[in-house]
Amino acid sequence: MPVKVSVVIPVYNPGNYIEDCIASLRRQSLPPDEFEAIFVDDGSTDDTPARLDAVAAETENFKVIHQEASGWSGKPRNVGIAASEGEFVMFVDNDDYLGDEALERMYDYAVANGADVVVGKMAGKGRGVPVELFRRNHPRATVDNAPLIDSLTPHKMFRRAFLDRIGLRFPEGRRRLEDHVFVTEAYLRADNVSVLGDYVCYYHLKRDDASNAGFQRFDPVGYFKNLREALDVVEKY
């Protein structure tokens, strides 16, 4: 069977938090021969590299790529895109997890609506997620008719051919808002964006140790420079 979805998971020192992610991928209703999970280990220094190798050895549709630490999520996501074989690419963070039917529902919804981007309903576990955006299904959403701008995290499904056609990849290096730059351009250049609001596809977790990458201290000057890049995308498209 051709691969329908490639799930790309950037990994850096998640500890036990990655177990829920792994378990949710194993529970997917989409048959294992129709999706692949690509874990890109970005130089983890805990026990995660060995754990991922063991999981991949016993799970045929799981793959692991090890690389030197790049310092942020952009490069491992790009490496995952390059290694992917799926018609669509789904991005999941190593401390989050998916609803059991997420991949199947999102893929079917994308095909039914000719979507380049599918935004699946999110639920927050200790952190905020958009609410208004997911009040209903929205098969043809735009920044004009739906509050898409409320959801700029990368935890969505993207048509691989669309990403290749417009040359869209994540900014790399240690920086902020690489996902905002990526998702904003995807929204504005996609032929269609579909919002799936009737099933929780993605569980967004705040770690008890508050060590999620987005909660780390940041340099205001660098942050607003990165924000300017996202606004430049809006102005351009």
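Reference entry: report on the structure contained in this document. Note that this is a predicted model, so its numbers are computed, not measured.

Tracing the chain through its elements places Gln-67 in strand β3 (residues 62-67). In this structure Gln-67 comes out as buried when scored by relative accessible area, which is 16%. A polar side-chain atom of Gln-67 sits 2.7 Å from a polar atom in the side chain of Asp-42. Ignoring sequence-local partners within four residues, the contact set of Gln-67 consists of Val-40, Asp-41, Asp-42, Gly-43, Lys-75, Pro-76 and Val-79.

Residues other than glycine seldom take positive phi values, yet Asn-13 does so here, at roughly 45 degrees. For Asn-13, the location among the structural elements is in the loop between β1 (5-11) and α1 (18-26).

The contact between helix α6 (residues 178-189) and helix α7 (residues 220-236) brings their axes to 9 Å, and the two run at 5 degrees. Relative to α7, the element α6 lies roughly parallel. Contacts from His-180, Val-181, Thr-184, Glu-185 and Leu-188 in α6 reach Asn-226, Glu-229, Ala-230, Val-233 and Val-234 in α7. Split by residue class, the contact of α6 with α7 holds five nonpolar, three polar and two charged.

Here α7 spans 24 Å end to end across 17 residues, near enough to the 24 Å set by a 1.5 Å rise per residue. Listing the buried residues of α7 in full gives Asn-226, Ala-230 and Val-233. Buried residues of α7, seen end-on, are gathered within an arc of 50 degrees and therefore sit on one face of the element. Residues of α7 that are exposed and point more than 90 degrees away from the buried face comprise Val-221, Phe-224, Lys-225, Glu-235 and Lys-236. Residues of α7 that are buried make contact with α6.

With respect to the secondary-structure elements, Glu-68 resides in the loop between β3 and α3 (74-83). On the basis of relative accessible area, Glu-68 is assigned to the exposed category, the value being 74%. For the pair formed by Glu-68 and Ser-44, sequence separation is 24 residues and the distance between their alpha carbons is 8.5 Å. When residues no more than four places from it in sequence are discounted, the contact partners of Glu-68 are Asp-42 and Gly-43.

Tallying each qualifying case throughout the model produces 16 salt bridges. Lys-63 is the partner of Glu-85 in a salt bridge, and the nearest nitrogen-oxygen pair spans 3.6 Å. Of this pair, Glu-85 sits in the loop between α3 and β4 (88-91) while Lys-63 sits in strand β3; the two residues are 22 residues apart in sequence, bridging distant segments of the chain. Glu-85 gets classed as exposed once you look at its relative accessible area, which sits at 55%. A salt bridge links Arg-159 to Glu-87, with the nearest nitrogen and oxygen atoms 3.5 Å apart. Linking Arg-159 in strand β8 (residues 157-159) with Glu-87 in the loop between α3 and β4, this pair joins segments that are 72 residues apart in sequence. Judged by its relative accessible area of 19%, Arg-159 falls in the buried class.

About the thresholds
- Residues numbered from 1 in each chain as written.
- Predicted model: local features only at pLDDT ≥ 70, side-chain atom pairs only at ≥ 80, totals over all residues.
- Heavy atoms only, no water.
- Helix = DSSP H or I, 4+ residues; strand = E, 2+ residues; numbered from the N terminus.
- Buried < 20%, exposed > 50% of the residue type's maximum accessible area, 1.4 Å probe, protein only.
- Polar contact = N/O pair within 3.5 Å; in protein donor to acceptor, adjacent residues only side chain to side chain.
- Contact = heavy atoms within 4.5 Å.
- Axes fitted to C-alpha atoms, helices over the stretch in contact; angles between N-to-C directions.
- Parallel < 35°, antiparallel > 145°, perpendicular 65-115°, else oblique.
- Nonpolar A, V, L, I, M, F, W, Y, C, P; charged D, E, K, R; others polar.
- Expected span 1.5 Å × (residues − 1).
- Arc of directions from axis to C-beta.
- Salt bridge = Lys/Arg side-chain N within 4 Å of Asp/Glu carboxyl O.

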